[in-house]
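Chain by chain, the residues run as shown.
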Amino acid sequence: MSARTDIARLVADAKPAVFWSDSADAPGAAAPVHGTASADLVIIGAGYSGLWAALQAVEESPGRSVIVLEAEVAGFGASSRNGGFCDASLTHGLLNGLEHWPTEIDTLVAMGQQNLAEIMDTIDRHDIDAHAYRADEVDMAVAQWQLAELDEAASIHADHGASVSLVDQSGARSIVDSPTYLGGLVHHDSIALVDPARLIWGLRDVCERLGVVFHESSRVTGVEADGTRLRVSTAGGHVIADRVIAATNAWAEPLKKIRRWIIPVYDHVLMTEPLSAAQMDAVGWSGREGLADAANQFHYYRLTHDNRILWGGYDANYYKGNGMGPEYERQTESHETIARHFFDTFPQLDGLGFSHRWAGPIGTTTKFSPTWGTEFDGRLAWVGGYTGLGVGASRFGARVCLDLIDGNSTERTALAMVRTKPMPFPPEPLRNAVIQFTRSQITKADANNGEPGPWLRLLSRLGIGFDS
């Protein structure tokens, strides 16, 4: 029986674990908080935002005491579960940025390019072994209506200084060979590709060498004023700090009000077994680009350093009441759906197995871009809502948080993107009903030559983003 006719078995045989962090050389866990400690800065969350905040804090102010509190282990959430696309965009792409911040977009593009360059510099400077390299990214048209959209997008990107090129069907298939490709838009050198877990581990190691203290298995239960300082409490003790950064993204902890603006949407990922030399020849991919298709419900995919294909996206799920937990990661229907799409895209790989399958929550906002806030008269700042582009944008998000808690007025803090919040999500049960209806309308639009119906057009007029 071929792989294409036995999807359920292939998915069932895949290990339900995150490929990136399922490694024998993963670092050991740091001890939980016990008793009372004190620091200049406490960071809640040891994902990318928290680690970038810690590293920038101690590199820019040597001697600043920093403690990082993590509920699980470093990188437990989206930071180790993603595809490893480190994008220059801070705004979920140029087109989304133009929709929301047209007068600032060129500044945001420049800041994003600088941010990506500084990420790569940090990796090189600290010799972080994250299998990182700069790459092109290609949006592949898999339906006729997407060709016109890519043509328009190419003009807009060029108008804003981006290096892009359109390719026809034969050009697309010369990059990677799939019978589904009708053309593509190549974004030249717009991203880096990384091993996300090894980047986490490398950043944590650098932070520790620079004096940052980590406590894992230390879920923060509350933050309250303690005179002129802040008390950050956990089950095992508490830390008194001058300043606090909450970098918990989709978990939106410990400040429940963050959930007005940031919701968790579950993304699903498959990792194949390594491709043989013959299979690599069958798909091409000599440039090792990052790929995505151009639908509203899109797949993203890439090669790993050992020639596996990571295949994710498309079926993004929200669960009522901001539902999060292991029970939402083990639902096989979504993995079976994207597995079928994988073999539709690469029929020449029929028979290839999947080694791993996983899911995890992406923090998103109604503008599909990060948002910030402050509490306790500016002594605490929070950030989240990267909507899948947090591998790169989190460093910028962390930098803004440091500006905010230190009271620094900068070009970053003056941005409307930073100063104004997106439209909040409605409360439950309306929240779930609206999100599920919107998902159905996105599916309908993709089936109707990309033409949005009345509901999606209304969301667009309200400045609310939508895709998967």
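Residues numbered from 1 in each chain as written. Predicted model: local features only at pLDDT ≥ 70, side-chain atom pairs only at ≥ 80, totals over all residues. Heavy atoms only, no water.

1. Focus on the overall build of the protein chain
- Regarding its fold elements, the protein chain presents 14 helices and 18 strands.
- Expected size for 468 residues packed as a compact globule is a radius of gyration near 23 Å; at 22 Å, the protein chain falls within 12% of this value.
- Burial status across the protein chain gives 58% buried among its 468 residues.
- Sequence-distant contacts in the protein chain: of pairs separated by 6 or more residues, those separated by 24 or more amount to 76%.
- Of the roughly 18,200 Å² of accessible surface on the protein chain, a fraction of 51% belongs to carbon and sulfur atoms.
- Distance between charge centres in the protein chain, computed from 38 positive and 58 negative side chains, equals 7 Å. (Helix = DSSP H or I, 4+ residues; strand = E, 2+ residues; numbered from the N terminus. Rg over C-alpha atoms; globule rule 2.2 N^0.38 Å. Buried < 20%, exposed > 50% of the residue type's maximum accessible area, 1.4 Å probe, protein only. Contact = heavy atoms within 4.5 Å. Areas by Shrake-Rupley, 256 points an atom, 1.4 Å probe, with all protein chains shown as cover. Lys, Arg positive; Asp, Glu negative; His and termini not counted. Charge placed at Lys NZ, Arg CZ, Asp CG, Glu CD.)

2. With respect to the nonpolar core
- Ranked by size, the top nonpolar core spans 68 residues in total, and within it Val-66 and Ile-245 carry the most contacts.
- Core analysis: the next-biggest nonpolar cluster, separate from the first, contains 29 residues, Val-138, Val-186, Val-283 and Leu-303 among them. (Core = buried A, V, L, I, M, F, W, Y, C linked by side-chain atoms within 4.5 Å.)

3. Notes on the state of the cysteines
- What the rule picks out here adds up to 0 disulfides.
- Of the cysteine sulfurs around Cys-86, a residue in no disulfide, the closest is that of Cys-207, at 16 Å.
- When its relative accessible area of 0% is taken as the criterion, Cys-86 is described as buried.
- Looking at Cys-207, it has no disulfide partner, and the nearest cysteine sulfur is the one in Cys-401, 15 Å off.
- Residue classification places Cys-207 among the buried residues on the basis of a relative accessible area of 0%. (Disulfide = S-S within 2.5 Å.)

4. Describing the packing of helix 5 (residues 105–125) against helix 11 (residues 390–405)
- Axis separation between helix 5 and helix 11 bottoms out at 9 Å; the angle between their running directions is 100°. Taken together, the axis directions place helix 5 and helix 11 in an arrangement best described as roughly perpendicular. Packed against helix 5, whose contacting residues are Met-111, Asn-115, Glu-118 and Ile-119, the element helix 11 presents Val-391, Gly-392, Ala-393, Arg-395 and Phe-396 at the interface.
- Taken together, the residues that form the contact of helix 5 with helix 11 break down as 5 nonpolar, 2 polar and 2 charged. (Axes fitted to C-alpha atoms, helices over the stretch in contact; angles between N-to-C directions. Parallel < 35°, antiparallel > 145°, perpendicular 65-115°, else oblique. Nonpolar A, V, L, I, M, F, W, Y, C, P; charged D, E, K, R; others polar.)

5. Some words on the side chain of Ser-49
- Secondary-structure assignment places Ser-49 in helix 2 (residues 48–60).
- What makes Ser-49 buried here is its relative accessible area of 8%.
- The residues touching Ser-49, leaving out its near neighbours within four places in the chain, are Ala-247, Val-383, Tyr-386, Ser-394 and Ala-398.

6. A short note on the pattern of salt bridges
- What the rule picks out here adds up to 24 salt bridges.
- With a closest N to O distance of 3.1 Å, Lys-257 and Glu-375 form a salt bridge. You can see Lys-257 sitting in the loop between strand 11 (237–246) and strand 12 (263–272) and its partner Glu-375 sitting in strand 17 (residues 371–375), a full 118 residues away along the chain.
- The salt bridge involving Asp-403 is made with Arg-412; its shortest N-O contact spans 2.8 Å.
- Taking relative accessible area as the criterion, Asp-403 reaches 2% and is therefore assigned buried.
- Here the salt bridges share partners, and the residues they tie into one network are Glu-60, Arg-399, Asp-403 and Arg-412. (Salt bridge = Lys/Arg side-chain N within 4 Å of Asp/Glu carboxyl O.)

7. A short note on the packing of aromatic side chains
- With the rule as written, the count across this model stands at 18 aromatic pairs.
- Measuring from ring centre to ring centre gives 5.5 Å for Phe-19 and Trp-20, while their planes differ by 70°; the resulting arrangement is edge-to-face.
- Residue Phe-19 is classed as buried on the basis of its relative accessible area of 13%.
- A centroid spacing of 4.3 Å and a plane angle of 20° characterise the contact between Tyr-319 and Tyr-328, whose relative ring orientation is stacked. Each member of the pair, Tyr-319 together with Tyr-328, is buried.
- An aromatic cluster is built from Trp-285, Tyr-301, Trp-311, Phe-342, Phe-343, Phe-346 and Phe-354, whose rings are joined through pairwise contacts.
- If you follow Arg-204 out to its NZ or CZ, it ends over the ring of Phe-214, 5.6 Å from the centre.
- Sitting above the plane of the Trp-261 ring, Lys-421 keeps its charged end 5.2 Å from the centroid. (Phe/Tyr/Trp six-rings, centres within 6.5 Å; stacked < 30°, edge-to-face > 60°. Lys NZ or Arg CZ within 6 Å of the ring centre and 35° of its normal.)

8. Observations concerning helix 13 (residues 430–447)
- Its 18 residues place the ends of helix 13 26 Å apart at the C-alpha level, agreeing with the 26 Å of an ideal helix rising 1.5 Å per residue.
- Listed in full, the buried residues belonging to helix 13 are Arg-431, Asn-432, Ile-435, Thr-438, Gln-441, Ile-442, Ala-445 and Asp-446.
- Residues of helix 13 that are buried make contact with helix 6 (144–159), strand 12 and helix 14 (454–461). (Expected span 1.5 Å × (residues − 1).)

9. Some remarks on the environment of Glu-224
- Mapped onto the elements, Glu-224 comes out in strand 9 (residues 220–226).
- Along the chain, Glu-224 and Leu-210 lie 14 residues apart, while their C-alpha atoms are 28 Å from each other.
- Excluding residues that lie within four positions of it along the chain, Glu-224 makes contacts with Arg-229, Leu-230, Arg-231 and Phe-376.

10. Topic: unusual backbone geometry
- With an omega dihedral of -5°, the bond running from Glu-253 to Pro-254 counts as a cis peptide bond.
- Looking at the element boundaries, Pro-254 is found in the loop between strand 11 and strand 12.
- Geometrically, the link from Glu-428 to Pro-429 is a cis peptide bond, its omega value of 5° lying close to zero.
- Among the structural elements, Pro-429 can be located in the loop between helix 12 (416–419) and helix 13.
- Even without being a glycine, Asp-189 presents a positive backbone phi close to 55°.
- Mapped onto the secondary structure, Asp-189 falls in strand 7 (residues 183–193).
- Accessibility expressed as a relative area gives 36% for Asp-189, which makes it partly exposed.
- Even without being glycine, Trp-285 reaches a positive phi, approximately 70°.
- Relative to the assigned elements, Trp-285 resides in the loop between helix 9 (277–283) and strand 13 (290–293).
- A relative accessible area of 1% means that Trp-285 is categorised as buried.

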